[in-house]
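Descriptive analysis of the structure
Chain by chain, the residues:
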Amino acid sequence: MRLVLAEDHALLADGLTRILTSGGFTVVGAIDNAPELDRALADPQVDGAVLDVRLLPTFTDEGLRAAITARSRRPGFPVMVLSQYVEQLYARELLASGEGAVGYLLKDRVSDVTEFVDGVRRVLAGGTVIDPEVIAAIMARRPEEPVDRLTPREREVLALMAEGRSNAGIASALFVTEKAVAKHTNAIFTKLDLPADIDDNRRVRAVLAYLRA
Amino acid sequence: MNAMTTPNPPLAGRLRLTGYAFLEVLLAVPTLLFFVLTVVGGVVAVAWVGLGILFVSVPALRWITGRHRAFAARTLGTPVPADYRPMPANAHLVARVLVWAKDPMTWRELAWCLVSMTAGFVLSLLTFLLLVVIVTGGLWWYGAEPIMRARARLDRALLSYGTTERLEQRVQVLTETRAESIDHSAAELRRIERDLHDGAQARLVSVGMSLGLADSLLAEDPEEARRLVAEARQTASAALGELRDVVRGIHPPVLADRGIGGAVDALALDMALPVSVTQRLPGRPPAPVESAVYFAIAECLANVAKHAEAEHAWVELAYGEGVLVAVVGDDGHGDADPDRGTGMRGVMRRLSAFDGTMRVSSPAGGPTLVTLEVPCALSSPKTMPSSPTDSPGS
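Residues numbered from 1 in each chain as written. Chains lettered and ligands numbered in written order. Predicted model: local features only at pLDDT ≥ 70, side-chain atom pairs only at ≥ 80, totals over all residues. Heavy atoms only, no water.

Quick look at the interface of chain B and chain A now. Interface extent is often summarised as the accessible area lost during association of the parts. Each side of the interface is counted separately: chain B has 31 residues, and chain A has 34 residues. Interface of chain B and chain A: buried area, both sides summed, is about 2800 Å²; carbon and sulfur atoms make up 44% of it. When the area that chain B buries against chain A is broken down by residue, the three leading residues are R244, R258 and L269 of chain B, summing to 24%. For the pair chain B and chain A, the number of links is 13 residue pairs in polar contact (both at pLDDT 80 or more). Broken down by secondary-structure element, the contributors of at least two residues to the side of chain B that touches chain A are α7 (222–250) and α8 (253–269) of chain B. Take the side of chain B that touches chain A: its biggest share by element is ten residues, from α8 of chain B. (Contact = heavy atoms within 4.5 Å. Buried area = accessible area lost by both parts, 1.4 Å probe. Polar contact = N/O pair within 3.5 Å; in protein donor to acceptor, adjacent residues only side chain to side chain. Helix = DSSP H or I, 4+ residues; strand = E, 2+ residues; numbered from the N terminus.)

For chain B, the domain assignment lists domain 1 (3–161), domain 2 (169–250) and domain 3 (253–375). Here the C-alpha centroids of domain 1 of chain B and domain 3 of chain B sit 39 Å apart. (Domains from an automatic or database assignment.)

To continue, consider the pattern of salt bridges. Under the definition given, this model contains 30 salt bridges over all chains. Residues K191 of chain A and E154 of chain A are paired through a salt bridge, measuring 2.9 Å at the closest nitrogen-oxygen approach. Remark: E154 of chain A occurs in helix α7 (residues 152–162) and K191 of chain A occurs in helix α9 (residues 178–191); sequence separation between them is 37 residues. Classification of E154 of chain A by relative accessible area gives buried; the value is 7%. Across the salt bridge formed by E188 of chain B and R191 of chain B, the nearest N and O atoms sit 3.3 Å from each other. Note that E188 of chain B and R191 of chain B are positioned in helix α6 (residues 163–217) at a spacing of three residues, about one turn of the helix. (Salt bridge = Lys/Arg side-chain N within 4 Å of Asp/Glu carboxyl O. Buried < 20%, exposed > 50% of the residue type's maximum accessible area, 1.4 Å probe, protein only.)

Following this line, the structure appears as structure tokens:
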């Protein structure tokens, strides 16, 4: 798997390169500025990108914009966006196209190396990995349609799904059996009117419905 | 903007001036009445009846002087502002009278009454008579404008502050707001220092200690060393969380990225209740104004969440005539008191450094509307930062 890495901090870029390489990915160049990133993302040989939101030249949201542009050129192009802080607004913008294959995490999460590498892998496979802090902010909102119809337990399961966990991962987090989780996910799919489809796609769409609520 | 400013107004202009003169002659009667009432009311103000008189006569006089200001402004083609001292929203009766008494404009208006009933009256009456006594029509044609301009200058001199007085008042306001904003930023710096010292800094010290211990235990007790490393990682993560909060309190990153528009969108999304945002900003305000307005809106929304029991809130951002206007409204129970929390006072201090103002309208039963206004210039809309493709790589 060939990944583009964009990170303007040399120290962090080194660390990320090391972590991603040890996770079995090929990092095809660590980039620190937006124009170069745009060129790198245009390369059809690249399978995905790990991007910092703030890059040269203006240190605002170049990385995010580059991710959105790249995904408009190549729908479903996997991007994992990292940042020192997370915003619901940015999560929504990343997810707006509705295709999944999006990760959006605080940089702190990288310190849990296995979890992070796993997250990158899931994004490359078309999944959605959203930072627990974004999820918590959404959970604090007053419930609205259609996620309104979910029971508190189902909302918990959906939140963990949005963080990118598998059924097994959700089961261990909630101390229940995998079978119980499967029951909840099926209830979620029914309540959100998601017809039987390829399971992964349904998970992504359930997460999207949840994040847009 | 006004025909009267031309040196030789045509017939319609002269007739309009004469119309003003006629109205001014008529207004001389109520001027006399309310002048006398105000003087009498002021003298017997110690008794309640005096206060009662003042509550009729002062507003009536202000209405009359308001008419004269409007006539003078149209005659001279320049604004003649009133510049009354602001009246606190819920001032009780005696406080109101005290505000009037302390306002130099009240005393100017009383002096104006004397002039307006004598010299002013003569000038207006003359203008009017020159037209009505038909044979003096020629004199009226050439005299109406200079006479009425003289009258308007007289009114303006008494009913509005001159340049020097205006500058003195401005210096006074600037001195006060500057002192307040210096206090405010000093307090902010102390708060940030405390937050960093008690939070992230302490945690990083603890990370260092855990790692040091782990280092020394690595050979003899690897299990314990591993536990300490895990602990250090958790503490580092908590320190980062606290640093993020501190940064949000200083200058939220989304404000730096997207400006006031995007930052308010992000703020609305993070609220527990639905908040709709409408914005009509043709450009970006200066960064310090953006920041002050952002924190003001954040404080208002936090109050809505805390006190209003609202179903829905809204934020409107607009810009017109050199003023950035932000309105935060909610459909809660109203009856909000802007002086209650220290938060709103901080907001007002911060806004006043930019000559900004805050008004709160919150009748019992709602809705509550907080209007923030800050005079400022807008820069042209920011171009997309990711668009340049030909700049050199590093």
